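Survey of secondary and tertiary structure
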Amino acid sequence: MNERAALTLLGDELAHAGDDAAVVGGQVLTTDMLHETTDFPEGTTRYTAGWRAVGASLSDVAAMGAEATAAVAVYAAPAFDDDDLLAFVAGAQDVCERVGARYVGGDLDHHAEFTVATTALGRVPDGSGATDSGTDDASPLPDVGPVRRSGARPGDVVCVTGSLGRSAAALERFDRGEDDRANDLFRFDPRVATGLAVAPHASAMMDSSDGLARSLHQLADASDCGFAIESDRVPIHDELAAVAATEPADDVLEAAITFGEDFELVFTVSRDDLPDVRTAAPVDVTVVGDVVDADVTMDDRSLADEGYDHGG
């Protein structure tokens, strides 16, 4: 059973499953697990591992349009090395600080391979006067509630933040032994501030950890709609374009939309609200297509449900 089949099985048993994080009262809660053999290529520093592992959970908080408040991690390894452990915690603390959250601890365990399980907590904006973490704006957070995957409507546009292919480029750098640059690319900024800015306008949202193509299929299933995407609108990260300069353009595009692990936001919004979204968002927002009644297509051809498999 692959990850998608397992999630479908569990979804039948858990009525509230299906979004990037669970909503518990006025908070969101999410958890992730990463393994050395599947998630941390050779050359990944423990500092980067701490940043990336905790950042993955903070990205889920961002996808709900919530304010990140805290994170914890389980650190498991065959042995505990002083420098490795302190570097991991430093990375976890720094990524939390980046989004206005706190790293508040976790657990240690011995395990056959380096493995990290992370949990992040966020607060749904309630208009109580608390200020927006991750930005310099001291205005109260709007009363918008969590943004789920199920609200996309035909006539909306579908957008992505930033650019795609950063992690694919990082993996290529690791393969070339260019570890310093690869680690830099692996340390992404969770889009918490952007999620908060987009939330008052977004009809549906998730992060792109599984890749744009798979994210679109997941949004389509949740919202009972379709998407019509234009390939020439997809924003490709400069690093991916650089490391794949000799590859065919179609291969570069495929890597950008299916490799995943970029942790950008994919969201839908009415065309009328798009100017407000672009003004409010602290990063670039690109319209890549339209929400339609059914089917997921790119350039009028069926777009396969392909992407990162966390069970692979």
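Bear in mind the structure is a predicted one, so any value in this text is a computation, not a measurement.

**Some points on a negative patch on the surface**
On the surface, Glu-247, Asp-250, Asp-251, Glu-254 and Glu-306 cluster together into a negatively charged patch. Mapped onto the elements, Glu-254 comes out in helix H10 (residues 249-258).

**Considering the UniProt feature "binding site: Mg(2+) 4" (unreviewed entry) in the protein chain**
According to UniProt, the feature "binding site: Mg(2+) 4" (unreviewed entry) maps to Asp-20, Thr-30 and Asp-60 in the numbering used here. Over a stretch of 41 residues, the named residues converge on one spot in the fold, their C-alpha atoms separated by at most 7.2 Å. A relative accessible area of 7% means that Thr-30 is categorised as buried. Within the local environment of Thr-30, its side chain forms a polar contact with the backbone oxygen of Asp-20, the two atoms lying 3.3 Å apart. By the element assignment, Asp-60 lies in helix H3 (residues 46-63).

**Here we look at the UniProt feature "binding site: Mg(2+) 2" (unreviewed entry) in the protein chain**
On the UniProt side, "binding site: Mg(2+) 2" (unreviewed entry) is annotated at positions that read Asp-32 and Asp-60 here. Across 29 residues, the annotated set stays spatially compact, with a maximum C-alpha separation of 9.5 Å. Here Asp-32 is to be found in strand S2 (residues 27-35). For Asp-32, a relative accessible area of 23% translates into the label partly exposed. Among residues more than four places away in sequence, those in contact with Asp-32 are Ala-56, Ser-57, Asp-60, Val-116, Ala-117 and Thr-118. At 2.6 Å, the side chain of Asp-32 and the side chain of Ser-57 are in polar contact. Aside from chain neighbours lying at most four places away, what touches Asp-60 is Asp-20, Ala-21, Thr-30, Asp-32 and Asp-207.

**Section: the side chain of His-237**
Structurally, His-237 can be placed in the loop between strand S8 (226-229) and helix H9 (238-243). A polar contact is formed between the side chain of His-237 and the backbone nitrogen of Glu-239, at a distance of 3.0 Å.

Here is what the cut-offs are and how they apply
- Within each chain, residue numbers correspond to sequence positions counted from 1 in written order.
- Only residues with pLDDT of at least 70 are given local features in this predicted model, and only at 80 or more are side-chain atom pairs given and counted; all residues enter the totals for whole chains, interfaces and linings.
- The side-chain figures draw on all heavy atoms in the structure; neither hydrogens nor water molecules are used.
- For patches, a residue must show more than 30% relative accessible area and have no salt bridge; joins then use 9 Å for like charges and 5 Å for nonpolar side chains, namely Val, Leu, Ile, Met, Phe, Trp and Tyr.
- Accessible surface area values rest on a Shrake-Rupley calculation with a 1.4 Å probe, where residue burial reflects the displayed protein chains alone.
- By salt bridge we mean one thing: a side-chain nitrogen of Lys or Arg within 4 Å of a carboxyl oxygen of Asp or Glu.
- Lys and Arg are tallied as positive, Asp and Glu as negative. Neither His nor the chain termini are counted.
- Each charge is placed at NZ for Lys, CZ for Arg, CG for Asp and CD for Glu.
- Each helix corresponds to a stretch of at least 4 residues labelled H or I by DSSP, and each strand to a stretch of at least 2 residues labelled E; elements are numbered beginning at the N terminus.
- UniProt positions are given in the numbering used here, feature names are shortened, and annotations may be inferred rather than shown by experiment.
- We call a residue buried when its accessible area falls under 20% of the maximum for its residue type, exposed when it is over 50%, and partly exposed in between, using a 1.4 Å probe and counting protein chains only.
- Think of a polar contact as two N or O atoms within 3.5 Å of one another; within protein, one of them needs to be a possible hydrogen donor and the other a possible acceptor, and neighboring residues in sequence only count if both atoms come from side chains.
- Only heavy atoms enter the contact rule, under which two residues are in contact if any of them lie within 4.5 Å.

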